[in-house]
Structure formats: structure tokens, C-alpha cells
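Chain and residue survey
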Amino acid sequence: MSRRDDIRQRSATELITASQDRAEPYKDKEVPQKRGHGGVLSVDSVAASRARSGIIALSYMACAILLIFFNKLALSSFKFPYSNLITLLQLICSNMLLALLVRLDVVSLTKEGEVLGSSPSQRFVPLSTLKVILPLSLAYLLYMVLGMASLKGVNLPMYTTLRRTTAAFTMSAEFALTGKRQPPLILVSVSLMVLGAIVAGLRDFSFDAWGYFVVFASNGSTALYLATISRLGKRTSLNSFGLMWCNGLICAPILLIVTFLNGDLLEALSFEYLHTLKFQLVLLLSCLLAFALNYTIFLNTAVNSALTQTVCGNLKDAVVIVIGFQSFSDARFDPINMVGILLGIAGSVMYAVLKL
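Only a predicted model underlies this, so the values are computations on that prediction, with no experimental measurement involved.

In terms of regular secondary structure, the protein is built from 13 helices and zero strands. Moving toward the C terminus, one meets the helices and strands of the protein in the order α-α-α-α-α-α-α-α-α-α-α-α-α. Among the 356 residues that make up the protein, the fraction classed as buried is 52%.

Within the largest apolar cluster, 84 residues are counted, with the highest numbers of intra-cluster contacts made by Phe80, Leu98 and Leu109. Discounting chain neighbours no more than four positions away, the residues touching Phe80 are Ala74, Leu75, Leu85, Ile86, Ala268, Phe271 and Phe279. One finds Ala168, Met171, Ile186 and Val190 within the second-largest nonpolar core, a separate group that totals seven residues.

In this structure the tally under the stated criterion is four salt bridges. The partner of Asp330 in a salt bridge is Lys72, and the shortest N-O contact between them spans 3.2 Å. Remark: Lys72 occurs in helix 2 (residues 43-77) and Asp330 occurs in the loop between helix 12 (306-327) and helix 13 (335-355); sequence separation between them is 258 residues. Taking the relative accessible area as the measure of exposure, Asp330 reaches 24% and is therefore partly exposed. The class for Lys72 is buried, based on a relative accessible area of 0%. Put simply, Asp317 and Arg164 hold a salt bridge, and the shortest N to O gap is 3.4 Å. Linking Asp317 in helix 12 with Arg164 in the loop between helix 5 (156-163) and helix 6 (166-178), this pair joins segments that are 153 residues apart in sequence. With a relative accessible area of 5%, Asp317 lands in the buried category.

Once that is clear, we can look at the packing of helix 6 against helix 7 (residues 184-202). Between helix 6 and helix 7, the shortest axis-to-axis distance is 8 Å and the interhelical angle comes to 135 degrees. Judged on the interaxial angle alone, helix 7 and helix 6 are oblique. In contact with Ala167, Ala168 and Met171 of helix 6, helix 7 contributes Ile186, Leu187, Val190, Met193 and Val194. Residues that form the contact of helix 6 with helix 7 fall into these classes: eight nonpolar, no polar and no charged.

Moving on: the environment of Ala302. By the secondary structure assignment, Ala302 is in helix 11 (residues 277-303). Take Ala302: its relative accessible area is 7%, and that puts it in the buried class. Once the C-alpha coordinates of Ala302 and Ser53 are considered, the two residues, 249 residues apart in sequence, prove to be 9.8 Å apart.

With that out of the way, let us pick up a nonpolar patch on the surface. Residues Ile257, Phe260, Leu261, Leu266 and Leu269 make up a contiguous nonpolar surface patch of about 570 Å² in total accessible area. Per-element tally for the nonpolar patch: the top contributor is helix 9 (residues 240-261), with three residues.

Let us look at the confidence of the model for the protein. For the protein, the average pLDDT comes to 81, and 83% of its residues sit at 70 or higher. Here helix 1 (residues 3-9) stands out as the least confident element of the protein, with mean pLDDT 45; helix 3 (residues 83-103) is the most confident, with 94. Scored below 50 in pLDDT, residues 1-40 shows 102 contacts in the model against residues more than four places distant or in partner chains. Scored below 50 in pLDDT, residues 117-121 shows six contacts in the model against residues more than four places distant or in partner chains.

A word on the packing of aromatic side chains. Given two aromatic rings, one states the distance between the centres and the angle between the planes to describe the pair. All told, the structure shown has 19 aromatic pairs when counted by the stated rule. Each ring, one from Phe271 and one from Phe279, has its centre 5.1 Å from the other, and the planes form 50 degrees; the classification is tilted. Judged by relative accessible area, which is 11%, Phe271 ranks as buried. Among the aromatic residues, those joined into a cluster by ring pairs are Phe78, Phe80, Tyr82, Phe271, Tyr273 and Phe279.

Right, let's talk about the side chain of Asn247 for a bit. Within the secondary structure, Asn247 sits in helix 9. By relative accessible area, Asn247 is classed as buried at 2%. Among the polar contacts listed, one links the side chain of Asn247 to the side chain of Ser137, at a separation of 2.8 Å. If sequence neighbours within four positions are ignored, Asn247 has contacts with Ile133, Leu136, Ser137, Tyr140, Tyr225 and Ala252.

Cut-off values and rules
Residues numbered from 1 in each chain as written. Predicted model: local features only at pLDDT ≥ 70, side-chain atom pairs only at ≥ 80, totals over all residues. Heavy atoms only, no water. Helix = DSSP H or I, 4+ residues; strand = E, 2+ residues; numbered from the N terminus. Buried < 20%, exposed > 50% of the residue type's maximum accessible area, 1.4 Å probe, protein only. Core = buried A, V, L, I, M, F, W, Y, C linked by side-chain atoms within 4.5 Å. Contact = heavy atoms within 4.5 Å. Salt bridge = Lys/Arg side-chain N within 4 Å of Asp/Glu carboxyl O. Axes fitted to C-alpha atoms, helices over the stretch in contact; angles between N-to-C directions. Parallel < 35°, antiparallel > 145°, perpendicular 65-115°, else oblique. Nonpolar A, V, L, I, M, F, W, Y, C, P; charged D, E, K, R; others polar. Patch = residues over 30% accessible without salt bridge, like charges linked within 9 Å, V, L, I, M, F, W, Y side chains within 5 Å. Areas by Shrake-Rupley, 256 points an atom, 1.4 Å probe, with all protein chains shown as cover. pLDDT = per-residue confidence, 0-100. Phe/Tyr/Trp six-rings, centres within 6.5 Å; stacked < 30°, edge-to-face > 60°. Polar contact = N/O pair within 3.5 Å; in protein donor to acceptor, adjacent residues only side chain to side chain.

Right, dumping it as C-alpha cells:
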């Protein structure tokens with residue numbers, strides 16, 4: 001069996017890419033394990049499998065945390081005002097790396113059992129598929145642009161707390177579009193997240209109304225993207241990498257044109273830190289981590305259980321909150337603010353447990 005075929009068999013549910021936000025837990029996936037004599041799992045194979053699962057989980061958390069950190073560093077510490085350019089660079093970098101991995105047969109763009117073509121030129125997505133994916137990619141573009149901009153307007157602890165309310169936006173969109181109602185306990189957990197955001201916001205010393213508005217707009221765009229992917233994602237044979245590829249092909253040219261027309265592209269050339277090594281490293285790591293996060297989410301979904309993914313997501317948020325208080329001056333500790341943050345975490349844990 002070729003390496004490409006093996007990757008296809010490990011393909012998981014479509015993932016949603018960020019920041020900078022959590023998808024609903026996936027169902028448990030069975031991990032292939034080597035067996036010893038008589039079909040009994042050897043101690044070495046079990047230990048190796050556990051070690052691999054742990055490394056993948058830690059890699060996902062590290063990529064998610066570092067991506068948010070470097071994005072925030074560029075936007076707030078270096079005061080780089082062109083968030084759309086960072087998004088554009090991330091899209092270009094991700095598609096370049098993805099093209100390389102497809103050429104090397106490391107990953108495939110299609111779901112298990114689906115083939116685009118046998119020759120290298122046929123391994124990528126045809127124009128007819130791009131037309132189907134266009135609405136999804138436009139929703140993704142809005143989601144990415146607002147997600148990056150929202151990091152600039154609020155501190156990291158409040159960013160994490162406010163982003164938790166995405167579930168409320170998603171539930172509202174589902175009810176408006178399909179009439180779907182959630183169980184009472186789910187409503188309680190989401191209410192806790194919303195209450196936590198309100199309480200924390202009451203004592204946010206770096207409160208910025210526009211920043212809050214952008215975060216909530218980002219939450220709404222996330223709900224829109226989730227709704228779009230549920231409607232259009234199943235109409236193609238693409239897996240999460242295929243969707244990422246299409247999103248890059250469609251969104252990057254649009255962002256390039258927008259940043260050129262509004263002057264951001266030319267103004268960025270005169271940015272005071274553009275030629276400093278530290279800023280260049282921050283941008284480079286941000287671009288590489290954007291792709292690495294998508295890849296580790298794919299692996300984490302394929303290898304680890306829903307419980308492991310839930311724990312990873314909440315640990316990641318806790319670390320981001322700590323980093324926000326320790327590393328950036330726009331976040332100040334306040335007891336009431338912390339109570340709100342903890343309420344949001346409690347609601348998020350309860351929601352995740354109920355969804356398991």
C-alpha cells in the first residue's frame with residue numbers, strides 16, 4: 001500500500017482552521033496497532049502508540065498557542081496595522097507547503113477512496129470543484145479576516161473568553177436556518193459562557209468597544225462558516241486539506257487585490273520594523289504555524305479520542321490566558337474579571353462533556 005493510500009485511510013472529518021477556535025469534538029477514531037504473537041498487543045507497540053498520541057496532542061496545543069502568540073505579537077507588540085496582509089501571507093505559505101506535500105504523496109486532498117487523478121497534474125482540484133466551493137471559501141475569507149482583526153482589538157484573556165460565545169452564535173444560526181433546538185443542558189452551558197463574557201467584560205481595563213464588536217463579528221462569521229461547510233462540504237470528495245487548498249486558491253487573490261487597492265500592500269513596504277530580523281521571524285513563524293496547526297488538527301482528529309481533543313482545547317485556552325496576563329501589557333489581573341473568565345471555562349468544559 002502506498003504512503004498516499006495510507007494517508008487517505010487516516011482521513012478524518014473536515015476541520016475548521018485560526019486561532020484561533022474550536023470545532024466540536026469528533027467521534028473516537030480507532031488507531032491501528034501492531035500485534036504480537038497470537039494477535040495480542042505487544043507492550044512496545046502499546047507504549048509507542050500512546051507516545052505517538054501524546055506527541056500529536058502536545059503538538060496541536062503548542063501550534064495553537066504559538067500561532068495566537070505570534071499573531072498577537074505582530075499586531076500589538078510590533079503594532080503592525082495590516083492584519084489582512086498577515087492573513088494573505090498565511091494563505092500563500094499554507095498552499096505552497098500543501099502543494100509540496102501533495103507532490104511528495106505525504107497528504108491527499110480527497111476523502112478515503114476518492115481519487116482526483118493518477119498523474120501529478122491531476123492530484124489537485126479541478127475548476128468545477130472550485131466553483132462549488134466558492135461560497136464556502138468566501139465565508140472562510142470573512143472568518144479569517146475578522147478572526148485576525150479581532151486579536152488586535154482585545155487582550156488575550158478576553159479574546160479567549162469572548163470567542164467562547166461562538167457556540168451561542170452557532171446555535172442561533174441553526175435555529176434560524178433549520179429550526180433546530182438544543183437540549184436544556186446545552187443551553188445552560190452556553191449561557192454560562194455568555195455570562196462569563198459579560199462578567200469578565202465588566203472589569204476589562206483595556207475595554208475597547210470596537211474591539212469587542214470585531215470579536216463578536218468574528219463569532220458570527222465562524223457560525224456562518226460552520227453552517228456553510230455543513231451544507232457544501234459534503235457535496236465534494238475533498239477532505240480538510242482539499243478544502244484548505246481551495247480556500248487558499250480563491251481567497252489569496254481576493255486579499256491580494258483588496259490590500260493593493262486600499263493601499264495596505266504599498267504602505268506595509270515602509271513599515272518601520274519590516275527589515276528587522278525579529279519582526280521577519282515573527283511573520284515567518286506565524287505563517288508556518290498557520291499550516292502546522294491545520295496539519296496537527298488533522299492528525300489529532302485521526303489518532304486521538306474526542307475526550308483527548310476536548311482536554312487539549314481547554315488546556316490550550318488556559319495557557320493562552322496565562323500568557324496573555326504575563327506577556328502583554330494590555331491585560332491586567334482583576335478578581336471579577338477572573339471570575340468571568342473561569343465561568344466561561346466552566347461553561348466550555350460542560351458544553352464539551354455534553355457533546356462527547
